[in-house]
Amino acid sequence: MRKIFEEKTKPLPISKEMVWKAYKKVKSNKGGAGIDKISIRQYEENLSANLYKLWNRFASGGYFPPAVREHGIKKDNGQVRKPGIPTVSDRVAQQVIKDLLGPRLEKGFHEPSYGYRPLRGAHQALTCVRENVRKYAWVIDLDITAFFDNVEHEKLMKALDRHVPEQWVQMYVQRWLEAPVAKLDGSMEAKKGKGTPQGGVISPLLANLYLHYTFDKWMELKFPQVSFVRYADDIIVHCVSEDQACYILREIKSRMVRCGLSAHPQKTRIVYCKDYRRKLKGKKSKFDFLGFSFRPVSKPSKRGGMFLGYDCEISQKSYPKLVGEIRHTRFDRWLTSWQEIADLLNSKIRGWIGYYDKFSSRTLTKVFHRLHNRLIKWIRNRFKRFRNSKRLAIAHLKYVYRHYRYLFYHWQIGYHLV
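In this text the structure is predicted, and so the values were computed from the model without any measurement.

**Student:** I tried to follow the packing of aromatic side chains on my own but got confused; where do I start?
**Tutor:** Both the distance between ring centres and the angle between the ring planes are used here to describe each pair of aromatic rings. Under the criterion given, the structure shown has 29 aromatic pairs. Taken together, a centroid distance of 4.7 Å and an interplanar angle of 40 degrees make the contact between Trp138 and Tyr272 tilted. Of this pair, Trp138 sits in strand β5 (residues 138–143) while Tyr272 sits in strand β10 (residues 269–272); the two residues are 134 residues apart in sequence, bridging distant segments of the chain. Comparing Trp138 with Tyr272 shows no difference in burial state: the two are buried. Ring pairs connect the aromatic residues Phe58, Tyr63, Tyr172 and Trp176, which therefore count as one cluster. Note that Arg120 overlies the ring of Tyr114, its terminal NZ or CZ placed 4.9 Å from the centroid.

**Student:** In this structure, what is going on with the sheet that holds strand β13 (residues 306–314)? I would like to understand it.
**Tutor:** Sheets are built from strands that pair by backbone hydrogen bonding, the pairs being arranged parallel or antiparallel. With antiparallel pairing, the three strands of this open sheet are ordered in space as β11-β12-β13. Edge positions in the sheet fall to β11 (287–289) and β13, since each of these pairs with one other strand and no more. Pairwise comparison of adjacent strand axes, ignoring direction, gives a mean angle of 50 degrees for this sheet. The pairing of β11 with strand β12 (residues 292–300) spans three bridges and is antiparallel.

**Student:** It is not clear to me how the side chain of Asn150 should be interpreted in this structure. Could you clarify?
**Tutor:** As for its placement among the helices and strands, Asn150 is situated in helix α6 (residues 147–150). The class of Asn150 is buried, set by a relative accessible area of 17%. Among the polar contacts made by the side chain of Asn150, one reaches the main-chain carbonyl oxygen of Ala146 at a distance of 2.8 Å. Asn150 has contacts with Thr145, Lys194, Gly195, Tyr210, Gly260 and Leu261, leaving out every residue within four places of it along the chain.

**Student:** Explain the pattern of salt bridges to me, please; I cannot follow it from the model alone.
**Tutor:** Side chains bearing opposite charge may pair, as long as their charged atoms lie close to each other. Evaluation of the coordinates by the stated rule reveals 22 salt bridges. Among the salt bridges present, the one from Lys27 reaches Glu44, with a minimum N-O distance of 2.8 Å. In this pair, Lys27 is assigned in helix α1 (residues 16–29) and Glu44 in helix α2 (residues 40–44), connecting sequence segments 17 residues apart. Notably, a salt bridge pairs Lys348 with Glu325, separated by 3.4 Å at the nearest N-O pair. With Lys348 in helix α13 (residues 338–356) and Glu325 in helix α11 (residues 318–329), this residue pair connects regions lying 23 residues apart in the sequence. The exposure class of Lys348 is partly exposed, given its relative accessible area of 27%. Taken together, the salt bridges that share partners define one network made up of Glu70, Lys183 and Glu189.

**Student:** What is the right way to read helix α4 (residues 88–106) from this model?
**Tutor:** Note that an α-helix has 3.6 residues per turn; residues three or four places apart therefore point the same way. With 19 residues, α4 extends 25 Å from end C-alpha to end C-alpha; this agrees with the ideal 27 Å at 1.5 Å per step. Burial in α4 covers these residues: Val88, Asp90, Arg91, Val92, Ala93, Gln94, Gln95, Val96, Ile97, Leu101, Gly102 and Leu105.

**Student:** Would you explain the environment of His212 in this entry?
**Tutor:** Topologically, His212 is positioned in helix α9 (residues 203–222). Of the residues examined, His212 reaches a relative accessible area of 4% and is grouped as buried. Between the C-alpha atom of His212 and that of Ser113, which follows or precedes it by 99 residues, the distance is 8.4 Å. Sequence-distant contacts of His212, that is, excluding residues within four places in its chain, are made with Gly108, Phe109, His110, Lys217 and Arg230. Side-chain polar atoms of His212 contact the side chain of His110, separated by 3.4 Å.

Parameters at a glance
Within each chain, residues carry numbers counting from 1 in the order of the written sequence. Only residues with pLDDT of at least 70 get local features here, since the model is predicted, and only at 80 or more are side-chain atom pairs given and counted; chain-wide, interface and lining totals rely on the full set of residues. Hydrogens are left out, water is left out, and the side-chain values use all remaining heavy atoms of the structure. The rule is short: rings of Phe, Tyr and Trp, with Trp giving its six-membered ring, pair when the centres are within 6.5 Å, and they are stacked under 30 degrees, edge-to-face over 60, tilted in between. Only DSSP runs of H or I reaching four residues or more are called helices, and only runs of E reaching two or more are called strands; each is numbered from the N terminus. With a 1.4 Å probe rolled over the protein chains alone, any residue whose accessible area is under 20% of its type maximum counts as buried; one over 50% counts as exposed, and the rest are partly exposed. Should the NZ of a Lys or the CZ of an Arg lie within 6 Å of a ring centre and within 35 degrees of the ring normal, that charge is described as sitting over the ring. When DSSP finds two or more bridges between a pair of strands, those strands are recorded as paired. With axes taken as lines fitted to C-alpha atoms, and helix axes fitted only over the stretch in contact, angles between N-to-C directions fall between 0 and 180 degrees. We define a polar contact as two N or O atoms separated by no more than 3.5 Å, with the added condition that, inside protein, one atom must be a possible hydrogen donor and the other a possible acceptor, whereas residues neighbouring each other in sequence contribute only through side-chain atom pairs. We call two residues contacting when some pair of their heavy atoms lies within 4.5 Å. The rule for a salt bridge is simple: a side-chain nitrogen of Lys or Arg has to be within 4 Å of a carboxyl oxygen of Asp or Glu. Given the number of residues in a helix, its expected span is that number minus one, multiplied by 1.5 Å.

Take a look at the structure:
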């Protein structure tokens, strides 16, 4: 650890090493500036003084978090999601408490919970759902309305008290829950007993704790034989029949209301996992989970021919997002060489393949088809001899593909031109 603090004793057991380790994690996670408009790079310009100031106040019990800056992100349905961005110092402070609480709370969390937990992730949650839909014909696709906005502080603190006897830790969590939000319109909004801002370092851990008691533990006691998968506030419940699904959904809705939450009336649905064994007609047979659509798909049989299975592929919501990322680069208007295009896009391509190619080989074919069309457009803009002939531009792209396969990552691993 760099020696950036004076050696002083403080009343709270927050060491200088804890703050330093937390800062390194915050730096690696990057993130934007908060309400003070100080970025991580600017924060580092006077790093010793900034971290000392934080430690001095934090370890004395006199730290009060500044307002959280609201940031608008447009959703697929046209609405705006509004995550909060704390200041760099506040993210470091939250990380200190998260590092302290995480291992303690992790011991009590349930196996079917995968979101924002160490050594767990979306692919494991998806794998579990894929296995379950082969066993169970019915699914409850549960969507919680504005979960982060409706977390009740009193219930959350009660859950925290069961695991964290230290009053100073509870004090700081309470302060973060009550920290004001600097709204997009410039106004300040004080928290009134509920809500935790998305974007806070400690928010995912607190959300898992809240849903652990609201849903996971309750399901274990109420329906011990029922399988479910939860990733943060995205929940899939597997049922053996439609009657069972209807009954459990009614009970879940009642439970949510008692805990200050509600199931979204339009997005929460019961789905029939239709395949070659399941013949019911007129039932909803598709649901989305973590960027994938689960639906009936034709699959090759080991004996030859095809059969109707039930599996996942990139969702109809995810596809336009990826295509939009390609379109928004507008590389066909300003880049001048193949290598520049590859340098711009390969990190994106690796990420897409790393996530979406996990379960379905060549699931991104349509996305890369759109990329290839934009490459053809770039060729026609860049080279005069191809400007008036799309056919010749396509031929040139095929030439580059054959002779420079190393250029783009998806070419390297076997995605072809179509």
